[in-house]
Amino acid sequence: MNGGGENLLKAISSDTRLSILELLSEGDKHISGLAREIGISVPVAAKHVKILEKAELIERKKFGNTHMISIKLNNVYSFLDRFAENRKLEVEEGTSLLEALKNVAAVEVREMGDRIKVVSTDGEEGFYVYEVDGKFSDKTVDEYKFYEDAIVEWKKLIPVTKKRLLVNIRR
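Residues numbered from 1 in each chain as written. Predicted model: local features only at pLDDT ≥ 70, side-chain atom pairs only at ≥ 80, totals over all residues. Heavy atoms only, no water.

Draft legend 1. Quick look at the overall build of the protein. In terms of helices and strands, the protein carries six helices and nine strands. Its C-alpha atoms give the protein a radius of gyration of 21 Å, clearly above 16 Å, the size a compact globule of 171 residues would have. Along the three orthogonal principal directions, the C-alpha set of the protein runs to about 60 × 55 × 30 Å. Burial status across the protein gives 27% buried among its 171 residues. In the protein, of all internal contacts separated by at least 6 residues, the share reaching a separation of at least 24 is 47%. When the accessible area of the protein is evaluated, it comes to approximately 12,600 Å², of which 49% is carbon and sulfur surface. Distance between charge centroids for the protein: 12 Å, based on 28 positive and 29 negative side chains. (Helix = DSSP H or I, 4+ residues; strand = E, 2+ residues; numbered from the N terminus. Rg over C-alpha atoms; globule rule 2.2 N^0.38 Å. Buried < 20%, exposed > 50% of the residue type's maximum accessible area, 1.4 Å probe, protein only. Contact = heavy atoms within 4.5 Å. Areas by Shrake-Rupley, 256 points an atom, 1.4 Å probe, with all protein chains shown as cover. Lys, Arg positive; Asp, Glu negative; His and termini not counted. Charge placed at Lys NZ, Arg CZ, Asp CG, Glu CD.)

In structure tokens:
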């Protein structure tokens, strides 16, 4: 994400631009549609769109003379990741991720079949995944062991519908 801190802060410093992002989270829109839904003129909406584009939070797709605006969710998520809590800890070589996690958070686990799953972190129930040094692991939190320094990103999966398939069976 290359929007730069100043561009990002400017982009999110306006209730109108936040409203535009919220509307775009529902799907792509024309600038005129955004303007109508927010209750502003098209030229004013276009100025707000340019600021959001400069911050790389949205993008414009051109189809002939039609301009569709869409949110760049990955960039929005990257921006929000900047505010993740950072915790430093020191553990013995061979310590499991589960034990390391328990040193910095209240963790609730459940056995599911032959695997242990974290079902709550600091009271937040949900499904969790982790990356170590930017890579997903195929090991459970109790199987993953530390043998060298690492950066772990602990992520709660937020249920977001990416695609909804309405499947009809031909008869």
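Draft legend 2. Highlighting the environment of His-30. Along the chain, the position of His-30 falls in strand 1 (residues 29-30). In this structure His-30 comes out as partly exposed when scored by relative accessible area, which is 38%. Separated by 46 residues in sequence, His-30 and Val-76 have C-alpha atoms that sit 20 Å apart. When residues no more than four places from it in sequence are discounted, the contact partners of His-30 are Thr-66, His-67 and Met-68.

Draft legend 3. Region of the structure containing the pattern of salt bridges. Throughout the structure, instances matching the rule amount to nine salt bridges. The partner of Lys-29 in a salt bridge is Glu-37, and the shortest N-O contact between them spans 3.5 Å. With relative accessibility at 17%, the residue Lys-29 sits in the buried group. We classify Glu-37 as partly exposed; its relative accessible area is 46%. In this structure, a network of salt bridges that share partners links the residues Glu-131, Glu-153 and Lys-155. (Salt bridge = Lys/Arg side-chain N within 4 Å of Asp/Glu carboxyl O.)

Draft legend 4. Looking closely at the layout of surface pockets. Roughly 1,800 Å³ of volume is contained in the largest pocket. Every residue lining the largest pocket is counted, 41 residues in all, and those nearest its centre are Glu-85, Val-152, Glu-153, Trp-154 and Lys-155. If you list the elements that add at least two residues to the lining of the largest pocket, you get helix 5 (73-81), helix 6 (97-104), strand 7 (127-132) and strand 9 (152-157). Among the elements that take part in the lining of the largest pocket, strand 9 stands out by supplying six residues, more than any other. Here the lining of the largest pocket is composed, by residue class, of 22 nonpolar, four polar and 15 charged. (1 Å grid on protein atoms, 1.4 Å probe; cavity = no way out; pocket = protein on both sides within 12 Å on 5 of 7 lines; lining within 4 Å. Points joined across faces, edges and corners; volume = space filled by probe spheres on them. Nonpolar A, V, L, I, M, F, W, Y, C, P; charged D, E, K, R; others polar.)

Draft legend 5. View of the nonpolar core. With 19 residues, the main nonpolar core has Leu-24, Leu-34, Leu-52, Leu-57, Ile-58 and Ile-69 as its most contacted residues. Among the elements of the structure, helix 1 (5-12), helix 2 (15-24), helix 3 (31-38), helix 4 (42-54), strand 3 (66-71) and helix 5 are those that each provide at least two residues to this core. Leu-52 has contacts with Ala-11, Arg-17, Ile-20, Leu-21, Leu-57 and Ile-58, leaving out every residue within four places of it along the chain. Of all hydrophobic cores here, the second largest spans eleven residues; its members include Ala-100, Val-118, Tyr-128 and Tyr-130. (Core = buried A, V, L, I, M, F, W, Y, C linked by side-chain atoms within 4.5 Å.)

Draft legend 6. Here's a closer look at the sheet that holds strand 6 (residues 124-125). What the three strands build is an open sheet, ordered 4-5-6; its pairing is antiparallel. Looking at which strands have only one partner, the edges of the open sheet turn out to be strand 4 (107-112) and strand 6. In terms of strand pairing, strand 5 (residues 115-121) meets strand 6 through two bridges, oriented antiparallel. Along strand 6, the bridge assignment pairs Ser-120 with Glu-125. Sheet strands in contact with helix 6 are strand 4 and strand 5, and its direction is about 150° off that of strand 4. (Pairing = 2+ DSSP bridges. Axes fitted to C-alpha atoms, helices over the stretch in contact; angles between N-to-C directions.)

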